[in-house]
Amino acid sequence: MSSATQSTTPPAPAGGRQVELAIGGMTCASCAMRIEKRLNKLDGVTATVNYATEKARVTYTGDVAPDEVVAAVEKAGYTARLPEPGDGLERPPAGARREPASGGEQGVLLRLLVSAVLTVPVVAMAMVPALQFTSWQWLSLTLAAPVVVWGAWPFHRAAWTNLRHGTSTMDTLISLGTLAALGWSLYALFLGTAGEPGMTHPFTLTIARTDGAGNIYLEAAAGVTTFILAGRYVEARSKRRAGAALRALLELGAKEVSVLRGGREQRIPVDRLAVGEDFVVRPGEKIATDGVVTEGSSAVDASMLTGESVPVEVGPGDTVVGATVNAGGRLVVRATRIGSDTQLAQMAVLVEDAQNGKAEVQRLADRVSAVFVPVVIALAVGTLGFWLGTGAGAGAAFTAAVAVLIIACPCALGLATPTALMVGTGRGAQLGILIKGPEVLESTRRVDTVVLDKTGTVTTGRMTLLDVVPAAGEDAGQVLRLAGALEEASEHPIAQAVAKGAAERVGTLPPVEGFTNVEGLGVQGVVDGHAVLIGRARLLAEWSQQLPADLERAMAAAEAEGRTAVAVGWDGAARGLLVVADSVKDTSAEAVRMLRGLGLTPVLLTGDNEAVARSVARQVGIDPGPDTVIAEVLPQDKVDVVQRLQSEGKVVAMVGDGVNDAAALARADLGLAMGTGTDVAIEASDLTLVRGDLRAAADAIRLARRTLGTIRGNLFWAFAYNVAALPLAAAGLLNPMLAGAAMAFSSVFVVTNSLRLRRFTAAAR
């Protein structure tokens, strides 16, 4: 996804209505650009067209009727459909779902399978003389004709649309080449000598002038069609996933809620909850919607939405956000926002806006064909005119002209992208790197800045016990043993980190008696006959257990580093501190070095506070300056940061794992999601890193760049072989077997070049 190809549409008209149209008939990114240009010429209309989702978002004033918008699309040669109630085309209100239309993908798959079954014997008979039995050519025609007519129908239709608008794409070249090959084969079979019983294609590589009456090119027509269909199927699968981020995001919300009505709890679907109603959230449950706490206190894990690694303590009067998790006690929350007004729904809109705001990178073959196709057509016409003018005869003239069109449409061109992509993505999957489609690759070449989400990407995303600081004269092991035993009885994430760390360091923990949770302050209980307190310094102070000066200094130092320090006391005295934090992954510092080695500038981005962010940056080798460490950002701010960097001329890659990263991943030129993160982030990204190892991000960019280089090399040679053969075709010297051998050799070269990607090795082991 490249910001370089974002639509530059004018601002939406004030007071305009917005609608999404389902667009049909687009075959490449240039189609989307053509429709967008046509719509934006209408007075009072602002439109963006997304080739990936096959939708147009149109904002129009009251002076423009929706039917006029549809008519404009149809005049451009495409289909458009206005939304109908319930069909999911309108902008999703409150948590509405959208299911993707898979008809396009299934249609391409059907054409591909049928064409492949029919093409294999056609190619085999043409290339292996031993298989050329009596009248084999008629069987070839029977098998190849449905492939060229029905299988390649989308290309013919697109070529006709291009012709009406005076443009050309790869579809034009495919249609011309396949129809020319089929047309000349029909001429040779019915009016020439190719249809005679006993006709064969001897495997001889000679250059000689011929009138073409005995030559058929059915294997070229059928083979090109099948190979190009294979590439289109890969593309269709990528397009089908375009809306998955929204579905995954909306799935995060709670499905049911316990609402308080008439003093009693009632379990109802969340969409029946009204603003102002009170609902109950028990430990471990998701908060149903945005609201204000009216009763109870607890810790709320909002890391997926906010990126804050430490759970937030909430009590009466504090606001909470829907889809976050209650990690502690029972809460009663009064709903303040529901449906499309909630933060979760607004984040869904952010993701959708980020995806719709950019068009896919136009395929390299289309860009080359914009020049190549007109040149080939002009050369074919010129060849025809030249030989007619020299009196060589209509047969020889048409043979040369048609040969030009046939040789200009090589099988290798259909293999160039799919084979490299197949091998590259297959090798990536073996290494835990998932590349979503060919449109991803070009961005990797230009990326110069990589934005790293902190929580869950650079760090583990889990609270970990880092240090035990005993007071003077106290034993660290005893502090940890008693504290770990008491914290094991608590569900608080910090308590669980302490308990886990204690169990790992001191072994089996003793039982607890009289465990009590002191709301907002900590916990207390009896362990091995000791009355133990754990929590804030204020909790110990209430029991006259003041922190000595050395522990106060240690607590201040920990908090200055962005860590959390909890005090431990028993039997009337403060005994020590436990320091917990979201720990940096062991491989993150090496990953940052690898990213720098690729010419990228790392930027740390987080919802956590400034102290935490700078501490993490120093640990992994990121300059803790204001331009490279950006802290305390909300989800929408992350999108703004990416856009600001792009406005400064930077090409931005984003690595993240949380819901709060999804919109930024979609907005970035290249989005990389950690596979250990949420489905939302994964679906909104371009590349997915299956392992939670940040070094895989550097490997992914290396592999994507290598794959793109292979595709470019394949395209060059696919065109080069045929450009070299064009003079022979124009001279009327192109023997069918020579043409077939050139096509076969170019195809073998492309496949072999692509297979080199299997030798790619990852630095992340």
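Residues numbered from 1 in each chain as written. Predicted model: local features only at pLDDT ≥ 70, side-chain atom pairs only at ≥ 80, totals over all residues. Heavy atoms only, no water.

Caption draft 1: Spatial organisation of the overall build of the chain. When helices and strands are tallied, the chain shows 26 helices and 26 strands. Taking all 765 residues of the chain together, 55% fall into the buried category. The long-range share in the chain, meaning contacts at least 24 apart out of those at least 6 apart in sequence, stands at 71%. Taken as a whole, the chain presents about 30,700 Å² of accessible surface, with 57% of it coming from carbon and sulfur. (Helix = DSSP H or I, 4+ residues; strand = E, 2+ residues; numbered from the N terminus. Buried < 20%, exposed > 50% of the residue type's maximum accessible area, 1.4 Å probe, protein only. Contact = heavy atoms within 4.5 Å. Areas by Shrake-Rupley, 256 points an atom, 1.4 Å probe, with all protein chains shown as cover.)

Caption draft 2: Highlighting the confidence of the model for the chain. Confidence in the prediction for the chain averages 79 pLDDT; 80% of positions are at 70 or higher. Scored below 50 in pLDDT, residues 1-14 makes 43 contacts in the model with residues more than four places away or belonging to other chains. Note that residues 85-103 has pLDDT below 50 and, in this model, 38 contacts with residues that lie over four places away or in other chains. (pLDDT = per-residue confidence, 0-100.)

Caption draft 3: Broad picture of the nonpolar core. Core analysis: the largest hydrophobic core is formed by 50 residues, its most contacted members being L452, L604, I622, V655, L670 and L672. Among the elements that line this core, the one with the most residues is helix α25 (residues 695-730), at 10 residues. A181, A188, V373 and A730 belong to the second largest nonpolar core, which has 37 residues in total. (Core = buried A, V, L, I, M, F, W, Y, C linked by side-chain atoms within 4.5 Å.)

Caption draft 4: Fine view of the sheet that holds strand β4 (residues 79-81). With antiparallel pairing, the 4 strands of this open sheet are ordered in space as β2-β3-β1-β4. Edge positions in the open sheet fall to β2 (45-50) and β4, since each of these has one partner strand only. Averaged over all adjacent pairs, the angle separating strand axes in this sheet is 30°, with direction ignored. Relative to strand β3 (residues 55-60), strand β1 (residues 17-24) runs antiparallel, the two sharing 6 bridges. (Pairing = 2+ DSSP bridges. Axes fitted to C-alpha atoms, helices over the stretch in contact; angles between N-to-C directions.)

Caption draft 5: Summary view of the sheet that holds strand β23 (residues 629-630). Strands sit in the order β14-β26-β25-β24-β15-β22-β23 across an open sheet of 7 strands; the sheet is mixed. One side of each edge strand has no neighbouring strand; the edge strands of this open sheet are β14 (433-435) and β23.

Caption draft 6: Looking closely at unusual backbone geometry. Even without being glycine, S544 reaches a positive phi, approximately 60°. Assignment of secondary structure puts S544 in the loop between α18 (537-542) and α19 (549-560). Given a relative accessible area of 61%, S544 falls into the exposed group. Residue D571 is not a glycine yet carries a positive backbone phi of 50°. The residue D571 is located in the loop between β20 (564-570) and β21 (573-584) in this model.

Caption draft 7: Molecular detail of the pattern of salt bridges. Counting across every chain of the model gives 19 salt bridges. Between E265 and R330 there is a salt bridge, and its shortest N-O distance comes to 3.7 Å. In this pair, E265 is assigned in strand β6 (residues 264-269) and R330 in the loop between β12 (325-326) and β13 (331-337), connecting sequence segments 65 residues apart. Overall, the relative accessible area of 41% leaves R330 in the partly exposed class. Across the pair E648 and K650 runs a salt bridge whose closest N-O atoms are separated by 3.2 Å. Since its relative accessible area comes to 31%, K650 is described here as partly exposed. Shared partners join several salt bridges into a network, and the residues in it are E265, R282 and R330. (Salt bridge = Lys/Arg side-chain N within 4 Å of Asp/Glu carboxyl O.)

Caption draft 8: Molecular detail of the pairing of strand β8 (residues 290-295). Taken together, the 5 bridges between β8 and β13 define a ladder with antiparallel strand orientation. When the sheet's bridge partners are listed, D290 is paired in β13 with R337. Relative to strand β11 (residues 319-320), β8 runs antiparallel, the two sharing 2 bridges. Within β11, the position partnered with V292 by the bridge is T319.

Caption draft 9: Region of interest: the packing of aromatic side chains. Summed over all chains, the structure comprises 3 aromatic pairs. Measuring from centroid to centroid gives 5.2 Å for W138 and F190, while their planes differ by 75°, and the two rings are edge-to-face. Remark: F190 occurs in helix α6 (residues 170-190) and W138 occurs in helix α4 (residues 136-151); sequence separation between them is 52 residues. Among the residues examined, F190 registers a relative accessible area of 55% and is labelled exposed. (Phe/Tyr/Trp six-rings, centres within 6.5 Å; stacked < 30°, edge-to-face > 60°.)

Caption draft 10: Summary view of the packing of α4 against helix α5 (residues 153-164). Running from amino to carboxyl end, α4 crosses α5 at an angle of 45°, the nearest separation of the two axes being 5 Å. Classified by the angle their axes make, α4 and α5 are oblique. Of the residues in α5, those in contact with V148, V149, W150 and G151 of α4 are W153, P154 and H156. Of the residues assigned to the contact of α4 with α5, the class counts are 5 nonpolar, 2 polar and no charged. (Parallel < 35°, antiparallel > 145°, perpendicular 65-115°, else oblique. Nonpolar A, V, L, I, M, F, W, Y, C, P; charged D, E, K, R; others polar.)

Caption draft 11: Quick look at the UniProt feature "transmembrane region" (unreviewed entry) in the chain. When the UniProt feature table is mapped to this numbering, "transmembrane region" (unreviewed entry) covers residues 108-130, 136-153, 173-194, 214-234, 368-388, 394-417, 715-731 and 737-755. Across residues 136-153, helical content stands at 94% and strand content at 0%; the span's end C-alpha atoms are separated by 25 Å. Structurally, residues 715-731 comprises 94% helix and 0% strand, and the distance from its first C-alpha atom to its last is 25 Å. (UniProt positions renumbered as here; feature names shortened; annotations may be inferred.)

Caption draft 12: Expanded view of a nonpolar patch on the surface. Together, L110, V114 and W150 make up a nonpolar patch on the protein surface, roughly 250 Å² of accessible area in all. Following the sequence through the fold, V114 ends up in helix α3 (residues 103-127). (Patch = residues over 30% accessible without salt bridge, like charges linked within 9 Å, V, L, I, M, F, W, Y side chains within 5 Å.)

Caption draft 13: Region of the structure containing the pairing of β20. Of all 7 residues making up β20, 6 are buried, and the element is well covered by its neighbours. Here 4 bridges tie strand β19 (residues 530-535) to β20, and the two strands are oriented antiparallel to one another. In the sheet register, V532 faces β20, and the bridge partner there is W570. As paired strands, β20 and β21 are joined by 7 bridges and run antiparallel to one another. The residue of β21 that forms the bridge with V566 is L578. Once β20 ends, the chain turns through 2 residues before running back antiparallel as β21, passing D571 with a positive phi of about 50°.

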